Amino acid sequence: MTFSVSRRSRRRIAWAAVAVSAAGVALFSAFTYLSPDPASSRIPLNPAIGLHYLTIVLHALPASLVLLIGPFQFAAKLRARRPKLHRVLGRVYVVSMIFGAVAAIVAATFSVDGISAQIAFYLLSAAWLYTLYRGYTFIRQGQIQLHRIWMIRNYALSFAAVVLRGFLGIGLVMKGFFPSLNFADIYTTSVWGSILVCAVVAEYFVINKTLTPLVRKRTAEVHSQAA
Ligand code: HEM
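First things first, this report covers the structure right here in the doc. (Residues numbered from 1 in each chain as written. Predicted model: local features only at pLDDT ≥ 70, side-chain atom pairs only at ≥ 80, totals over all residues. Heavy atoms only, no water.)

In this section: the coordination of the iron atom of the ligand. When only protein atoms are considered, the iron atom of the ligand has one donor, H59 (NE2), at a distance of 2.0 Å. Mapped onto the elements, H59 comes out in helix 2 (residues 52-73). (Donors = N, O, S within 2.8 Å, 3.2 Å for Na, K, Ca; no water. Helix = DSSP H or I, 4+ residues; strand = E, 2+ residues; numbered from the N terminus.)

Quick look at the structure:
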């Protein structure tokens, strides 16, 4: 017996997987950091900085909103049926990301997780803001395809937060088998690994799903004009 899943079904399954995992991490993070008690922190706090926990809260809450909203912005049906909702959620996404990224830069400065993780977080914050800026300016100019490309890149970077937690989980399971592994190495590797995987997957989508059809269409037009 052969099983064939249509391209549309595959797309729906992939969308649901992204939306459900993003919502899981976002809701768990938001509920954890809604608490004013620094003891709720799931990462070690810098004992020299009284405001460290606050910076994590100010980062985690808006970043959770970004993670939650993102998948709905990519749902073509919703965009077509409720364009106003797409615009309103888009504005909430932009403002939340600016707050989340600025707080992330401050939190990274206070972090006790080492220079390698700190540099990864600075670069990720810069890439987060840069891709947001490109996506936003292109839509203001009415360049829908370019807006789409930059927002795929932007959300992929947000999704690094989900992949990071997946890698951390795998790392902790591996630590059970290889006790010499230490948490700092698992954490740093997971941070860099999640950024790399998400950036590569984003480029795969940008090239295969957006640029390739455009190039094919343009090539066909050139051939038909030449004929
Ligand atoms: C993509 C850009 C992001 C950057 C640059 C970033 C940066 C950071 C930094 C610097 C920390 C402190 C970590 C440490 O001290 O080692 C942190 C923690 C945290 N971030 Fe992000 N983050 C990003 C995205 C997100 C997203 C989308 C979420 C949504 C859930 C999120 C949720 C959290 C949470 C909950 C923590 C506290 C640590 C924990 O409990 O796991 N971050 N982030």
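Next up on the list: helix 5 (residues 115-140). Its 26 residues place the ends of helix 5 37 Å apart at the C-alpha level, agreeing with the 38 Å of an ideal helix rising 1.5 Å per residue. Listed in full, the buried residues belonging to helix 5 are A117, Q118, A120, L124, S125, W128, T131, L132, G135 and F138. Where helix 5 is buried, its residues contact helix 2, helix 4 (83-110), helix 6 (144-177) and helix 7 (183-226). (Expected span 1.5 Å × (residues − 1). Buried < 20%, exposed > 50% of the residue type's maximum accessible area, 1.4 Å probe, protein only. Contact = heavy atoms within 4.5 Å.)

Next up on the list: the side chain of S111. Relative to the elements of secondary structure, S111 occurs in the loop between helix 4 and helix 5. On the accessibility criterion, S111 (15% relative accessible area) is buried. A polar contact of 3.0 Å, which involves the side chain of S111, links it to the backbone nitrogen of D113. In contact with S111, other than residues within four places in its own chain, are H52 and Q118. (Polar contact = N/O pair within 3.5 Å; in protein donor to acceptor, adjacent residues only side chain to side chain.)

All right, on to the site of the ligand then. Neighbouring residues of the ligand: 24 residues in total, closest Y33, H59, S111, D113 and Y187. In the model, an oxygen atom of the ligand is placed 2.4 Å from a nitrogen or oxygen of the Y33 side chain. With respect to the ligand, the side chain of H59 contributes an N or O atom lying 2.8 Å from a nitrogen atom. Secondary structure elements with two or more residues in the shell around the ligand: helix 1 (7-33), helix 2, helix 4, helix 5 and helix 6. Take the shell around the ligand: its biggest share by element is six residues, from helix 2. The residue makeup of the shell around the ligand, split by class, is 15 nonpolar, six polar and three charged. (Near = heavy atom within 4 Å. Nonpolar A, V, L, I, M, F, W, Y, C, P; charged D, E, K, R; others polar.)

Before going further, it helps to spend a moment on the packing of helix 1 against helix 2. Orientation of helix 1 relative to helix 2, taken along the N-to-C sense of each, is 155°, at an axis distance of 8 Å. The angle between helix 1 and helix 2 places the two elements in the roughly antiparallel class. In the packing of helix 1 onto helix 2, the handedness of the crossing is left-handed. Contacts from W15, V18, A19, A22, A23, V25, A26, L27, S29, A30, T32 and Y33 in helix 1 reach Y53, I56, V57, A60, L61, S64, L67, L68, P71 and F72 in helix 2. (Axes fitted to C-alpha atoms, helices over the stretch in contact; angles between N-to-C directions. Parallel < 35°, antiparallel > 145°, perpendicular 65-115°, else oblique. Left-handed = near helix turned anticlockwise from the far one by under 90°.)

Turning next to a positive patch on the surface. Among the surface-exposed residues, R7, R8, R10, R11, R12, K77, R81, R148 and K209 lie close enough to one another that they form a single positively charged patch. Among the secondary structure elements, those contributing two or more residues to the positive patch are helix 1 and helix 3 (76-81). With five residues, helix 1 is the single largest residue contributor to the positive patch. Mapping R11 onto the fold places it in helix 1. By relative accessible area, which is 58% here, R11 ends up exposed. (Patch = residues over 30% accessible without salt bridge, like charges linked within 9 Å, V, L, I, M, F, W, Y side chains within 5 Å. Areas by Shrake-Rupley, 256 points an atom, 1.4 Å probe, with all protein chains shown as cover. Salt bridge = Lys/Arg side-chain N within 4 Å of Asp/Glu carboxyl O. Lys, Arg positive; Asp, Glu negative; His and termini not counted. Charge placed at Lys NZ, Arg CZ, Asp CG, Glu CD.)

Quick look at helix 7 now. Relative to the 64 Å expected for 44 residues at 1.5 Å per residue, helix 7 spans 62 Å between its end C-alpha atoms, a close match to the ideal helical length. Considering bend angle alone, the principal kink of helix 7 is centred on L211 and spans about 40°; proline P213 follows within four residues of it. The secondary structure elements touched by the buried residues of helix 7 are helix 5 and helix 6. Regarding helix 7, its N-cap is N182, as a side-chain oxygen of that residue lies 3.1 Å from the backbone nitrogen of A184 further along. (Bend = angle between axes of the 7 residues up to and from the residue.)

Attention now moves to a nonpolar patch on the surface. A surface patch of nonpolar side chains, amounting to about 550 Å² of accessible area, comprises I105, I115, I119, Y122, L123 and W192. The biggest single contributor to the nonpolar patch is helix 5, with four residues.

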